[in-house]
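Chain and residue survey
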Amino acid sequence: MDKKLPLSSFRFGNIEVNGTLVAAPMDGISDSAFRRILRKQGAALCYTEFINAQDVLNDSILFQRKVASIREEEHPIGFQVYDADPDAVVTAAQKLTRFQPDFIDINIGCSVARVANRGAGAGLLLEPDKIAEIFDRLTDTLSIPITAKIRLGWDESHSNYLEISHLIEAHGGAMIAVHGRTRQQGFQGKANWDAIREIKKDISIPVIGNGDVKCVDDIHAMFSETKCDAIMIGRAAIANPWLFAMRDRHEISNAEVYALIREQLAMMVSDYEEETALLLFRKFVNHYLIPLHLNRAQKTVLFDHRTSQSLLKAIEKLLEL
Ligand SMILES: Cc1cc2nc3c(=O)[nH]c(=O)nc-3n(C[C@H](O)[C@H](O)[C@H](O)COP(=O)(O)O)c2cc1C
């Protein structure tokens, strides 16, 4: 297997990115600990989980939690903002610059009903004027790059990804990440990589391809099929953080799995209360241990541990270390 990627770096705005694999923003998943784990494996760039503009304006605890614990080694990092109201997005993004983001990313792709149906996330795809206003105002007032993460359209009959991509470029956007699905598709069907190739051909700012990259072969295939500048990986990273090091899950030894689990759990315990960390860590353990095919009873026992020490001991035993 040829592990070499076609490009070793890319540039957007004033940011030189050393590497071409990007960690996707994932709400409830990509907290500081997970971002640091992925950066260590080779993710070249990362984003915060999406942040609601109103939460920023109201100084909510949720917003503070999302930006307070960012570490030096997470840079370059983009803060991702979502809202239907351009005023709120612009004011929130301006306020967020206090926390030293390297770039601000506008979420134009979230398909979740409570977001999209209210005109935010993928809902913005139906209102290009608002997108233009957000990019005009932010690029006029901020010196860091403003980027977007989009889907292909609201639904198949409103697949306006070329129009939206042109508009973002024309209004000063520095880069576009494209999840190759419409809002209507949610996570169903197959991501449309042809559309990503079309966008890449049509605009001159960097394009990050995203959707359904699950293994090293997929990374090579997406680069070759779309000619994108970089690849963003989401769900597959939860089961295999080593994908950023161009390694498939079956290549990872149990000792490496255990070392990563121990490292991530320690980071989470230091960022949250131990009880919260153990709760939040469940979804990662579930994914990291997929190859063990644990049954329901085994999982129940595993998730009953009340301290990270005893959880780690149990995992060590399961991994036969
Ligand atoms: C649990 C979860 C949370 C997500 N949260 C966000 C988010 O906060 N912002 C965003 O732009 N996309 C979000 N996404 C979408 C991913 O960034 C990505 O576009 C999508 O999962 C497709 O890529 P994949 O096939 O590599 O997973 C989320 C996806 C998942 C599964």
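Calculation criteria
Residues numbered from 1 in each chain as written. Predicted model: local features only at pLDDT ≥ 70, side-chain atom pairs only at ≥ 80, totals over all residues. Helix = DSSP H or I, 4+ residues; strand = E, 2+ residues; numbered from the N terminus. Rg over C-alpha atoms; globule rule 2.2 N^0.38 Å. Buried ≥ 20, exposed ≤ 12 C-beta atoms within 10 Å, placed from the backbone. Contact = placed C-beta atoms within 7 Å. Expected span 1.5 Å × (residues − 1). Axes fitted to C-alpha atoms, helices over the stretch in contact; angles between N-to-C directions. Left-handed = near helix turned anticlockwise from the far one by under 90°. Nonpolar A, V, L, I, M, F, W, Y, C, P; charged D, E, K, R; others polar. Core = buried A, V, L, I, M, F, W, Y, C linked by C-beta atoms within 7 Å. Domains from an automatic or database assignment. Pairing = 2+ DSSP bridges. Right-handed = clockwise from strand over helix to strand, strands pointing away. Parallel < 35°, antiparallel > 145°, perpendicular 65-115°, else oblique.

Topic: the overall build of the protein
When helices and strands are counted, the protein shows 14 helices and 11 strands. Relative to the compact-globule value of 20 Å for 321 residues, the protein shows a C-alpha radius of gyration of 20 Å, a close match. Seen through its principal axes, the protein has C-alpha atoms that stretch 55 × 45 × 35 Å. Out of the 321 residues in the protein, the part that is buried amounts to 44%. Considering only contacts within the protein whose residues lie at least 6 apart along the sequence, 68% involve residues at least 24 apart.

A few points about helix H12 (residues 274–288)
The end-to-end C-alpha separation of H12 is 20 Å, in line with the 21 Å expected for 15 residues at 1.5 Å each. For H12, the full list of buried residues reads Ala-277, Leu-278, Phe-281, Phe-284, Val-285 and Tyr-288. The inward-facing, buried residues of H12 contact helix H10 (235–239), helix H11 (254–271), helix H13 (296–302) and helix H14 (308–318).

A closer look at the packing of helix H7 (residues 161–170) against helix H8 (residues 193–202)
At a minimum axis separation of 10 Å, H7 and H8 run at an interaxial angle of 35°. Handedness of the crossing formed by H7 with H8: right-handed. Counting all contacts with H7, which are made through Tyr-161, Leu-162, Ser-165 and His-166, the residues of H8 involved are Ala-195, Glu-198, Ile-199 and Asp-202. Here the residues of the contact of H7 with H8 sort into four nonpolar, two polar and two charged.

Focus on the nonpolar core
Val-22, Val-81, Ile-208 and Ile-231 are the most contacted members of the largest nonpolar core, which totals 92 residues. Here the element with the most residues in this core is H12; it accounts for six residues. Counting the residues that make up this core, at least three belong to each of domain 1 (9–242) and domain 2 (253–318).

Considerations on the pairing of strand S7 (residues 103–108)
In terms of burial, S7 is a largely internal element, six of the six residues being buried. Of the two faces of S7, the one holding Phe-103, Asp-105 and Asn-107 and the one holding Ile-104, Ile-106 and Ile-108 are both buried throughout. Across four bridges, the pairing between strand S6 (residues 77–82) and S7 is parallel. Of the residues in S7, the one forming a bridge with Phe-79 is Ile-104. Each parallel crossover has a hand, and for S6 linked through helix H4 (residues 86–96) to S7 it is right-handed.

Notes on the environment of Leu-125
Assignment of secondary structure puts Leu-125 in the loop between helix H5 (113–116) and helix H6 (128–141). With 25 C-beta atoms counted inside 10 Å, the residue Leu-125 sits in the buried group. If we skip the residues at most four places from it in the chain, Leu-125 touches Ile-108, Ile-150, Arg-151, Gly-153, Trp-154, Asn-160 and Ile-164.

Side note on the environment of Asn-160
With respect to the element layout, Asn-160 can be found in the loop between strand S8 (146–150) and H7. C-alpha separation for the pair Asn-160 and Pro-128, spaced 32 residues apart in sequence, amounts to 9.7 Å. Not counting chain neighbours up to four residues away, the residues in contact with Asn-160 comprise Leu-125 and Gly-153.

Side note on the packing of H6 against H7
Geometry of a packed helix pair, given as the angle between the helix axes and the separation of the axes. Interaxial distance between H6 and H7 falls to 9 Å at its minimum, and their mutual angle equals 20°. Classified by the angle between their axes, H6 and H7 sit roughly parallel to one another. Crossing angle aside, the handedness with which H6 passes H7 is right-handed. In this structure, H6 contributes Pro-128, Ile-131, Ala-132 and Phe-135 to the contact, and H7 contributes Glu-163, Ile-164, Leu-167 and Ile-168.

Details of the pairing of strand S9 (residues 176–179)
Regular strands place their side chains on alternate faces of the sheet. Every second residue of S9 is oriented toward a common face, with Ile-176 and Val-178 on one face and Ala-177 and His-179 on the other, all of them buried. By the bridge criterion, three bridges tie S8 to S9 in an arrangement that is parallel. Counted as the bridge partner of Ala-148 is Ile-176 from S9. In this sheet, strand S10 (residues 207–210) lies alongside S9 in parallel orientation, the contact comprising four bridges. Note that in S10 the partner of His-179 across the bridge is Asn-210.

Quick notes on the domain arrangement of the protein
Segmentation of the protein into domains returns domain 1 (9–242) and domain 2 (253–318). If you look at the interface, domain 1 gives nine residues, while domain 2 gives nine residues. Grouping the amino acids of the side of domain 1 that touches domain 2 by side-chain chemistry returns six nonpolar, two polar and one charged.

Some points on unusual backbone geometry
Cis geometry marks the peptide bond from His-75 to Pro-76; its omega dihedral reads 0°. One non-glycine residue, Asp-59, lies in positive phi territory at about 55°. In this structure, Asp-212 is a non-glycine residue whose phi angle is positive, near 70°. Mapped onto the secondary structure, Asp-212 falls in the loop between S10 and helix H9 (216–226).

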